[in-house]
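Given next are the chains, with one letter for each unit.
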Amino acid sequence: MRPGWDEYFMQIARTVSTRATCPRATVGCVLVRDHRILTSGYNGAPRGVAHCDEVGCTMVDGHCQRATHAEANAIVQAALHGVGLAGTVAYCTHQPCVNCSKLLISAGVEKIVYETPYPDAVATELLAEAGVAVMHVALPERTRV
């Protein structure tokens, strides 16, 4: 059975998440415009820095500071390759945190589709104020990577 676009890109985001190197969460993000993938990212250490799965997490106030979030890495990949992100849709395995939400807003993302809730009232408020549509999609078990 052929998947719809949201299911298709969410499946790809789940596959991207398998590259994550922080054991605290495996998160993937795919940025899409006009049904074409522009860039992707997963949570892991910055270029040239050892990954959490190699040296452990650097924890501050319950959050790993070593790993860059998937959404931020997808935006960085676009910047490195000169890809504009205005008018895109972000397919994220997890609902973006407030910092990633701010980056997605500033990058010009118009819609965020996510599978796993990560409720953040400030992120929700900022996304609504910026006019970014947010949609929760639960994939059927058979489509999970």
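Our structure's up above, just so we're on the same page.
Residues numbered from 1 in each chain as written. Predicted model: local features only at pLDDT ≥ 70, side-chain atom pairs only at ≥ 80, totals over all residues. Heavy atoms only, no water.

**Thoughts on the packing of aromatic side chains**
We count it as follows: Between the rings of Phe, Tyr and Trp (Trp by its six-membered ring), a pair exists once the centres lie within 6.5 Å; its type follows the angle of the planes, with under 30 degrees stacked, over 60 edge-to-face, and the other angles tilted. Only runs of H or I of at least four residues qualify as helices and only runs of E of at least two qualify as strands under DSSP, and these elements are numbered from the N terminus. Accessibility here uses a 1.4 Å probe with only protein chains present; expressed as a share of the type maximum, an area under 20% marks a residue as buried, one over 50% as exposed, and anything in between as partly exposed.
Counted under the stated rule, the structure contains four aromatic pairs. The interplanar angle of 65° and the centroid separation of 4.9 Å between the aromatic rings of Y8 and F9 together place this pair among those described as edge-to-face. Relative to Y91, the ring of F9 lies with its centre 5.2 Å away and its plane at 35°, an arrangement referred to as tilted. Of the two residues, F9 is situated in helix 1 (residues 5-17) and Y91 in strand 5 (residues 88-94); the sequence distance between them amounts to 82 residues. Taking the relative accessible area as the measure of exposure, F9 reaches 2% and is therefore buried. Residue classification places Y91 among the buried positions, given a relative accessible area of 5%. Members of the aromatic cluster, each reached through a chain of ring pairs, are W5, Y8, F9 and Y91.

**Details of the pattern of salt bridges**
The cut-off we apply is this: We define a salt bridge as a side-chain nitrogen of Lys or Arg found within 4 Å of a carboxyl oxygen belonging to Asp or Glu.
Under the defined criterion, the tally for this structure stands at one salt bridge. The residue E115 makes a salt bridge to R14 at a minimum N-O spacing of 2.9 Å. Here the residue E115 occupies a position in strand 6 (residues 109-116), and R14 occupies one in helix 1, the gap between them amounting to 101 residues. The same class applies to E115 as to R14, namely buried.

**Regarding the nonpolar core**
Spelled out, the test is: Buried Ala, Val, Leu, Ile, Met, Phe, Trp, Tyr and Cys residues that are joined via side-chain atoms within 4.5 Å together make up what is termed a nonpolar core. Between two residues, a contact is recorded if the distance between any of their heavy atoms is within 4.5 Å.
Counting 16 residues, the largest nonpolar core has C29, L31, A90, C92, L104, V109 and I112 as the members making the most contacts within it. Within the residue set of this core, elements represented by two or more residues are strand 1 (28-33), helix 3 (70-80), strand 5 and strand 6. Looking at this core element by element, the count peaks at four residues for helix 3. Setting aside residues up to four positions removed in sequence, L104 forms contacts with L31, E71, I75, A90, P96, V109 and I112. In this structure, V16, V30, V89 and V113 belong to the second largest nonpolar core, which totals eleven residues.

**Brief notes about unusual backbone geometry**
One non-glycine residue, H35, lies in the positive phi region at around 65°. Tracing the sequence through the fold places H35 in the loop between strand 1 and strand 2 (36-42). With relative accessibility at 39%, the residue H35 sits in the partly exposed group. Its identity as a non-glycine residue notwithstanding, D61 has a phi of 50°, on the positive side. Here D61 shows up in the loop between strand 3 (59-60) and strand 4 (63-64). Exposure remark for D61: the relative accessible area of 74% places this residue in the exposed category.

**Side note on the pairing of strand 2**
To be explicit about the condition: Any two strands with at least two DSSP bridges between them are considered paired.
Both strand 1 and strand 2 contribute to a ladder of six bridges, which runs antiparallel. Residue pairing across strands places V32 opposite I37, the latter belonging to strand 2. Two successive antiparallel strands, strand 1 and strand 2, enclose a turn made up of two residues, where D34 displays a positive phi of approximately 55°.

**As for helix 5 (residues 121-130)**
Rules: What qualifies as a polar contact is a pair of N or O atoms within 3.5 Å, subject to a donor-acceptor requirement within protein and to the restriction that residues adjacent in sequence count only when both atoms come from side chains.
By the N-cap criterion, in which a side-chain oxygen at the helix start approaches the backbone nitrogen of a residue two or three places on, helix 5 is capped by D120, the distance to V122 being 3.1 Å. Trailing helix 5 by a residue or two, G131 shows a phi angle of about 80°, which is positive.

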